[in-house]
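Chain residues, written in single-letter form:
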Amino acid sequence: MRVALICTGKLELYGLKDGLTAAFPGQDFHCVPFATTPGGQMTPFNSFTSARLPKKILQEPDSSLSELVGATIDELYPVRKSDLVFVLDDLELCNKGNDAVVVKEFGRAITRHLQRIHAVDKFAVKSIQQILRDSVSFHLAVPMIESWLFADPTGPSKARVPMHQLSPLLQAGCDS
Amino acid sequence: MIAPDFTLLARDFRVLRAVEWRPEPGVCLLTGPNGSGKTTVLSALKFLRGLFAFGHERSLGFIKGVHLRRRDALPESPVHFELHIGDVHWTLDFPVDARGLVSNYGETLTHGDEVFLRAAMFQQEWFYRGQPRRFDDRRCCARFAWDHEEPEWMTPMVRFLESIRIYDAYRLDLIRQPTQEDQRRGYLHPTGANLWTVLNTWQSSPRLYGDRFAWVVEAMRLAFPDVVGELEFEGTTPHGLIFPPHANNPDDGLPALLEADGVLTGFLHLTAVAGAAPGSIIAFDEMENQLHPFAIRSLLNSMRTRAEEQGLTILLTTHSPVLMNAFEERPDQIYVMEPGQEKLPVALSEIRDPVWFTNFALGRRYERGDFGAPITPSE
């Protein structure tokens, strides 16, 4: 199965594919970057949680979010490039406690995008809706993924980082 | 005024394998990778115009007439052009090698089903209304026929050819320091060298040239709102003095010598458009060069308005995402030198589903390499 990973952080962009491939061998994971340099260097999409989202949002979705949604649909329609699409963003500190609003905002952006599609091809909307339901999942990392690694010294080993790649653990009073 | 409805075909011309292009009226974009042949498509139009106006020798000079044939074309295949306007069809075949034309070229002009004139490649005579004639003239056969009897049905083709203007080589150095006056006053020279002469003439002769000067200055104010207020000419200076908005002091006039490249480019684009006769075709190679995104959008808006009023077809080759984003509503007016397509350029709306256009802005699509992208070694 071909699975697209649409991520908003470098850590996820460079690490998630290998991690998921190790956990689910036989599946074809690939990252969709925001951009790729001619040298092949990938950059991730921008997070849409970098500024606190108000509970009631009236304006157009943030452009970063629109990009995420556009990239998601682009993997599936009109050409089916992937069987599944995982969208992964993490909750920045400014949105602490605002998880539900963030998730709702992703759904709202999808709805707005479907309205745009309706304006150009109303017959495609239903099938795209069905494809999105069947094939897309949105994952919000709370707290943000880096915090698992940096706030918990044992995080890397829990995340199965090989022993020889772990940073040395220093102990106060013993190591200088 | 109705924009010209024409189809250009070319085969094995420089990097172009097969061209078939019928651009929509109004402002159109032509985009694609570097080296894909955008400028060469414009060269084909320039060559046909020059061929009809001046004959093949001068016209080949306009397009640096060597290496005319596509590198991978069969050695015996000619460089082929066709121009269709209504029921008039002009066909040309040029036998060439790497150094240029090797013998007499082939030419056919038909009106409906009637073959009006015909010349075969390598031959010493050609047929005009079925009668043989010797090649004794530098003019192309179609021009000979036009000069000879001006058939009414040729008029749309002649008007079309004479109206073509290709702007692909502005010389800002000449515009900053004009040393000699160009005699042409009605329209802009391809290098732009006569910019100030043209504008000065338009300003001083409104009955002859109508609103052209006023239109250029107003469009410049919109594109460069903090720089351009008025354009004036002083008797002793061959170039314009550009006054910022609300300037009252005569010393506030900035000579063109000191003006920003982008401002001069704006004057050139607008003067070229204003000088185009109704129903003309006018092309700019990489129109966005030197321009701020605001100016690009503003100049485009002015061009669109003028094109609609005057029935112009304005062709812009570009790599600018800013320009592409301004065509979100008209993807049928974006043409792409898309690798792998049988005939080029191809309208973006023909090769992409309408839903595809909703997912990203077109400029972003271009940046992502979703269309008009170069072929990378891994592909």
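Things to note about the overall build of chain A
Moving on, step 1. Of the regular secondary structure elements, chain A holds six helices and six strands.
Moving on, step 2. Shown N-terminal to C-terminal, the secondary structure of chain A runs as helices and strands in the order β-α-β-β-β-α-β-α-α-β-α-α.
Moving on, step 3. In terms of overall dimensions, chain A has a C-alpha envelope of 70 × 40 × 30 Å along the principal axes.
Moving on, step 4. Per-residue burial for chain A yields a buried fraction of 27% across its 176 residues.
Moving on, step 5. Taking all contacts inside chain A whose residues are at least 6 apart in sequence as the whole, residues at least 24 apart take part in 70%.

Concerning the overall build of chain B
Moving on, step 1. Looking only at helices and strands, one finds 14 helices and 19 strands in chain B.
Moving on, step 2. On C-alpha atoms alone, chain B measures out to a radius of gyration of 22 Å, which is about the 21 Å that the 2.2 N^0.38 rule sets for 379 residues.
Moving on, step 3. For the C-alpha atoms alone, the extent of chain B along its principal axes is close to 70 × 50 × 40 Å.
Moving on, step 4. Residues classed as buried in chain B amount to 41% of the 379 residues present.
Moving on, step 5. For chain B, long-range pairs separated by at least 24 residues make up 61% of all intrachain contacts whose partners lie at least 6 apart in sequence.

Let's talk about the interface of chain B and chain A
Moving on, step 1. Taken together, the nine residues of chain B in the interface contact twelve residues of chain A.
Moving on, step 2. Taken together, the residues of the side of chain B that touches chain A sort by class into five nonpolar, two polar and two charged.

Thoughts on the sheet that holds strand β2 (residues 16-21) of chain B
Residue and element names in this part refer to chain B.
Moving on, step 1. Ordered by their spatial adjacency, eight strands build an open sheet running β2-β1-β4-β5-β8-β9-β10-β11, and the pairing between neighbours is antiparallel. The open sheet terminates on both sides in strands that have one partner only, identified here as β2 and β11 (131-134). Between one strand axis and the next, the sheet turns by 15° as a mean value, whatever way the strands run.

Notes on unusual backbone geometry
Moving on, step 1. Residues A:Tyr77 and A:Pro78 are joined by a peptide bond in cis, for which omega reads 5°.
Moving on, step 2. Relative to the assigned elements, A:Pro78 resides in the loop between α2 (63-74) and β5 (84-90).
Moving on, step 3. Cis geometry marks the peptide bond from B:Leu344 to B:Pro345, where omega comes out at -10°.
Moving on, step 4. Its location among the elements puts B:Pro345 in the loop between β18 (334-336) and β19 (346-347).
Moving on, step 5. One non-glycine residue, B:His67, adopts positive backbone phi at about 50°.
Moving on, step 6. B:His67 gets classed as partly exposed once you count the C-beta atoms within 10 Å, which come to 14.
Moving on, step 7. Unusually for a residue other than glycine, B:Glu286 sits at a positive phi of about 50°.
Moving on, step 8. Secondary-structure assignment places B:Glu286 in the loop between β16 (281-285) and α10 (293-310).

Considering the packing of helix α8 (residues 212-223) of chain B against α10(B)
All names here are of chain B.
Moving on, step 1. Two numbers describe how α8 lies on α10: the axes approach to 8 Å, and their chain directions differ by 150°. The orientation of α8 relative to α10 falls into the category roughly antiparallel. Handedness of the crossing formed by α8 with α10: right-handed. Of the residues in α10, those touching α8 at Ala219, Leu222 and Ala223 are Ala295, Ser298, Leu299 and Ser302.
Moving on, step 2. The residue inventory of the contact of α8 with α10, partitioned by class, reads five nonpolar, two polar and no charged.

Section: the sheet that holds β16(B)
Adjacent strands of a sheet form backbone hydrogen bonds with each other and so pair up, either parallel or antiparallel.
Residues and elements named next belong to chain B.
Moving on, step 1. With respect to topology, six strands assemble into an open sheet ordered β12-β16-β17-β3-β18-β19, the strand pairing being mixed. Every other strand in the sheet has two partners, leaving β12 (165-167) and β19 as the edge strands with one partner each.
Moving on, step 2. Relative to β18, strand β3 (residues 26-31) runs parallel, the two sharing three bridges. Residue Thr31 lies in a different strand from β18, and its bridge partner there is Val336.
Moving on, step 3. Here α10 sits on the sheet in contact with β3 and β17 (313-318), set at roughly 130° to β3.

Side note on the confidence of the model for chain B
Moving on, step 1. Put simply, chain B has an average pLDDT of 93, and 97% of its residues get 70 or more.
Moving on, step 2. Here the prediction assigns the complex a pTM of 0.90, and the interface score ipTM is 0.80.

Details of the environment of B:Trp153
Moving on, step 1. Here B:Trp153 is to be found in the loop between α3 (141-149) and α4 (155-163).
Moving on, step 2. If we skip the residues at most four places from it in the chain, B:Trp153 touches B:Val88 and B:His111.

Observations regarding the environment of B:Ile375
Moving on, step 1. In this fold, B:Ile375 is placed in the segment after α14 (362-368).
Moving on, step 2. B:Ile375 gets classed as exposed once you count the C-beta atoms within 10 Å, which come to 10.

Description of the pairing of strand β9 (residues 114-119) of chain B
Residue and element names in this part refer to chain B.
Moving on, step 1. The sheet contact formed by strand β8 (residues 106-111) and β9 spans five bridges and is antiparallel. Each residue of the ladder has a partner; that of His111, found in β9, is Glu114.
Moving on, step 2. Hairpin connection from β8 to β9: two residues lie between these consecutive antiparallel strands, with Gly112 at a positive phi of about 65°.
Moving on, step 3. Looking at chain direction, β9 and strand β10 (residues 125-128) are connected through three bridges and run antiparallel. Bridging across to β10, Arg118 finds its partner in Phe127.
Moving on, step 4. Counting the residues between successive antiparallel strands, the hairpin from β9 to β10 contains five residues, one of them, Phe122, with a positive phi of roughly 70°.

What counts as what
- Residues numbered from 1 in each chain as written.
- Chains lettered and ligands numbered in written order.
- Predicted model: local features only at pLDDT ≥ 70, side-chain atom pairs only at ≥ 80, totals over all residues.
- Helix = DSSP H or I, 4+ residues; strand = E, 2+ residues; numbered from the N terminus.
- Buried ≥ 20, exposed ≤ 12 C-beta atoms within 10 Å, placed from the backbone.
- Contact = placed C-beta atoms within 7 Å.
- Rg over C-alpha atoms; globule rule 2.2 N^0.38 Å.
- Nonpolar A, V, L, I, M, F, W, Y, C, P; charged D, E, K, R; others polar.
- Pairing = 2+ DSSP bridges.
- Axes fitted to C-alpha atoms, helices over the stretch in contact; angles between N-to-C directions.
- Parallel < 35°, antiparallel > 145°, perpendicular 65-115°, else oblique.
- Left-handed = near helix turned anticlockwise from the far one by under 90°.
- pLDDT = per-residue confidence, 0-100.

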